[in-house]
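Fold and contact review
One letter stands for each residue in the lines below.
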Amino acid sequence: MNEHGSATAAPLARLVEEFYKLPGIGPKSAQRLAYYLLRMPLSEAQALAEAILEMKERVTFCNVCQNVTETNPCRVCSDVMRDRTVICVVEEPLDVLAIERTGTFKGLHHVLHGAISPMDGIGPEDLKIAELLRRLDSGEVREVILATNPNLEGEATSMYLSRLISPLGVKVTRLARAIEGRQEMHN
Ligand SMILES: [Zn+2]
């Protein structure tokens, strides 16, 4: 097999192209990964391909809180023991995990899937904000806790949401985040 440029075997070139689409993967890394997989035993490559497909088939986003889930609505949203009057708003699914790990929060979650960041071209319409407002329609929710990250983007998102939600007669609290792993990142 010729390993140079356009003379590369088509399936290999195709895989390089697919890797190149991934975030943080440049052309060199894409090539390195593709060649690594080429030399990998078939069984390992199959396991990787199956893991990707199984994840895509079985994991989805909860219609209610937008967290990752295998059931829809998710386990937390379906739990009748949870306090439905409080919603804790976070940026990423991993934030939900961190909060659940503390075991002290009994309300519901809402995952925005990011934060407002004009520098990265991420505006409010790119986040799950409409979905959050829809949850407030029923009047059941009395408090929204804004637990976005304590950085510029997180603060901007929190302020934006606060301005949107406060006029609805819902109490808005900004959580001074002390969730493990975050604290040391922000001194
Ligand atoms: Zn949910």
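What this report covers is the structure whose coordinates are included nearby. This structure is a prediction, so every number in the text was calculated from the model and none was measured.

1. Quick notes on the pairing of strand β6 (residues 171-174)
Relative to β6, strand β5 (residues 143-146) runs parallel, the two sharing four bridges. Opposite I145, over in β6, you have T173 as the bridge partner. Between the parallel elements β5 and β6, the chain passes through helix α7 (residues 152-165) in a crossover that is right-handed.

2. Quick word on helix α5 (residues 93-102)
Taken as a whole, α5 has its buried residues at P93, D95, V96, A98 and I99. Where the residues of α5 are buried, they touch β2 (68-69), β3 (86-90) and β4 (108-111). One or two steps after α5, the chain reaches G103, where phi turns positive at roughly 70°.

3. Quick notes on the coordination of the zinc ion
Looking at the metal site, the zinc ion is ligated by C62 (SG), C65 (SG), C74 (SG) and C77 (SG), spaced 2.3 Å from it. Classification of the site at the zinc ion rests on its four donor atoms, whose angles at the metal span 104 to 117°, yielding the label tetrahedral. Written as a sequence motif, the donor residues of the zinc ion are C-x2-C-x8-C-x2-C. Of the two residues, C62 sits in the loop between β1 (60-61) and β2 while C77 sits in helix α4 (residues 75-78), which places them 15 residues apart along the sequence. Classification of C62 as buried rests on a relative accessible area of 0%.

4. Observations regarding the side chain of E91
Counting through the fold element by element, E91 comes out in the loop between β3 and α5. Beyond its immediate sequence surroundings of up to four residues, E91 is in contact with V111, L112, H113, G114, A115, T148, N149 and G154.

Procedures and definitions
Residues numbered from 1 in each chain as written. Predicted model: local features only at pLDDT ≥ 70, side-chain atom pairs only at ≥ 80, totals over all residues. Heavy atoms only, no water. Pairing = 2+ DSSP bridges. Helix = DSSP H or I, 4+ residues; strand = E, 2+ residues; numbered from the N terminus. Right-handed = clockwise from strand over helix to strand, strands pointing away. Buried < 20%, exposed > 50% of the residue type's maximum accessible area, 1.4 Å probe, protein only. Contact = heavy atoms within 4.5 Å. Donors = N, O, S within 2.8 Å, 3.2 Å for Na, K, Ca; no water. Tetrahedral: all angles 85-135°; square planar, octahedral: opposite > 155°, others 65-115°.

No statement about biological role is implied by the geometric values presented.
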